[in-house]
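Each chain, written out:
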Amino acid sequence: MTNTRIYHLFMHYFSDTLTREEFEELKIYINGTDNDRLLSELTAVWEDYPAKEIACDAVTNNAFKIIENHTCPARIHFIRWLRVAAVFLLPVLCTLVTYVYMNEKVLPYTDRQVVVQTENGHRAALILPDGSGVRLNSGSYLSYPQNFGKEERQVNLSGEAFFEVAKKQGKKFIVRTEYMNIEVLGTTFNVYAYEKENTVEMVLLAGKVKINTNKAPYRYVYVNPNEKISLDKHSGALHVRKTDARFETAWLRNELVFRSEKLKNVFNKLERKYGVTIEKENFGQDNDLFTGSFDNDDLTEILDILKMHYHFEYKVTGNKITLYEKK
């Protein structure tokens, strides 16, 4: 993310004109950025505020929101005391809160976890401290320690993510999921590990990875480019097969692609992508198979296509969609 982009986001945040998407982008940037860089960004924004005639108390109030969301409880308590003193020290406070927030000597917090979570209907992109890129699909959760990369590189994932791992000599990159771990040195791959799904999948685009299962029966396997590994959570069965990486990463291009997918899984993916709830009344086609693709953002158009094939009706009430058999 460029300095210009961050400057733009901070300016919008402090002037209360930040959109929901921009807020998510700024939150991810703050959580994943080191203190020195944040200090530099905030200082640049602060230096321009007098020229833009934005009240200092508004800047301070908004700054506290960012600080409290990114600071451990002990430091928050101290910062809140400063807020009370703002009536007397307002001119100084506008720069002091940034210093107190950024100064690592106040209280070390390297054990803290940075958490990035995407709600249904939203996606996110972030750069990890080591330069690795991650793109999170809807309904996903990624966490990593704030001192990521200093001793080791490990992240925890629930959901779906696409990784472009930066090579670091002697430092493996490990993605941990509930049922299997993925170990690499530098590569590009996609992980599908939603908690409610029966299967965990990993597709390798470039490089080479080692997969370890972390529940019995314990096994490991090496995966090559354009191979897909699937783990059945219930049986523990592990399968490796050739695949089309473009098909497996269709979500990165905002596409939905299905190959002999059970209809209930199709509806689950629509729920995540569009942030809706799909309920069924007298609907007996969950196990019917569907093959096809969608490359548009109109959910009703997708439902209209599906209902022509499977002869059901639906009604939309807010964010809830009800499916029922066509009479």
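Higher on the page you've got the structure.
Residues numbered from 1 in each chain as written. Predicted model: local features only at pLDDT ≥ 70, side-chain atom pairs only at ≥ 80, totals over all residues. Heavy atoms only, no water.

(A) Up close: the environment of Lys-280. Position of Lys-280 among the secondary structure elements: in strand E15 (residues 277-281). A C-alpha to C-alpha distance of 8.9 Å links Lys-280 and Glu-325, two positions 45 residues apart in sequence. Those residues within four positions of Lys-280 in sequence are excluded, and the remaining contacts are Lys-264, Phe-267, Asp-286 and Leu-323. Of note is the side chain of Lys-280, whose polar atom sits 2.8 Å from the side chain of Asp-286. (Helix = DSSP H or I, 4+ residues; strand = E, 2+ residues; numbered from the N terminus. Contact = heavy atoms within 4.5 Å. Polar contact = N/O pair within 3.5 Å; in protein donor to acceptor, adjacent residues only side chain to side chain.)

(B) A look at the pattern of salt bridges. In total, this model carries 11 salt bridges according to the counting rule given. Across the salt bridge formed by Arg-153 and Asp-130, the nearest N and O atoms sit 2.5 Å from each other. Remark: Asp-130 occurs in the loop between strand E2 (124-127) and strand E3 (133-136) and Arg-153 occurs in strand E5 (residues 153-164); sequence separation between them is 23 residues. We note that Arg-153, like Asp-130, is buried. Lys-269 is the salt-bridge partner of Glu-261, the closest N and O atoms lying 3.8 Å from each other. A single network of salt bridges, built from pairs that share partners, joins Glu-201, Lys-228 and Glu-248. (Salt bridge = Lys/Arg side-chain N within 4 Å of Asp/Glu carboxyl O. Buried < 20%, exposed > 50% of the residue type's maximum accessible area, 1.4 Å probe, protein only.)

(C) Seen up close, unusual backbone geometry. The amide bond that connects Ala-216 to the next residue, Pro-217, takes the cis arrangement and shows omega of -5°. Position of Pro-217 relative to the elements: it lies in the loop between strand E10 (209-213) and strand E11 (220-223). Not every positive phi belongs to a glycine, and His-311 is a case in point at roughly 55°. Topologically, His-311 is positioned in the loop between helix H9 (299-310) and strand E17 (312-317).

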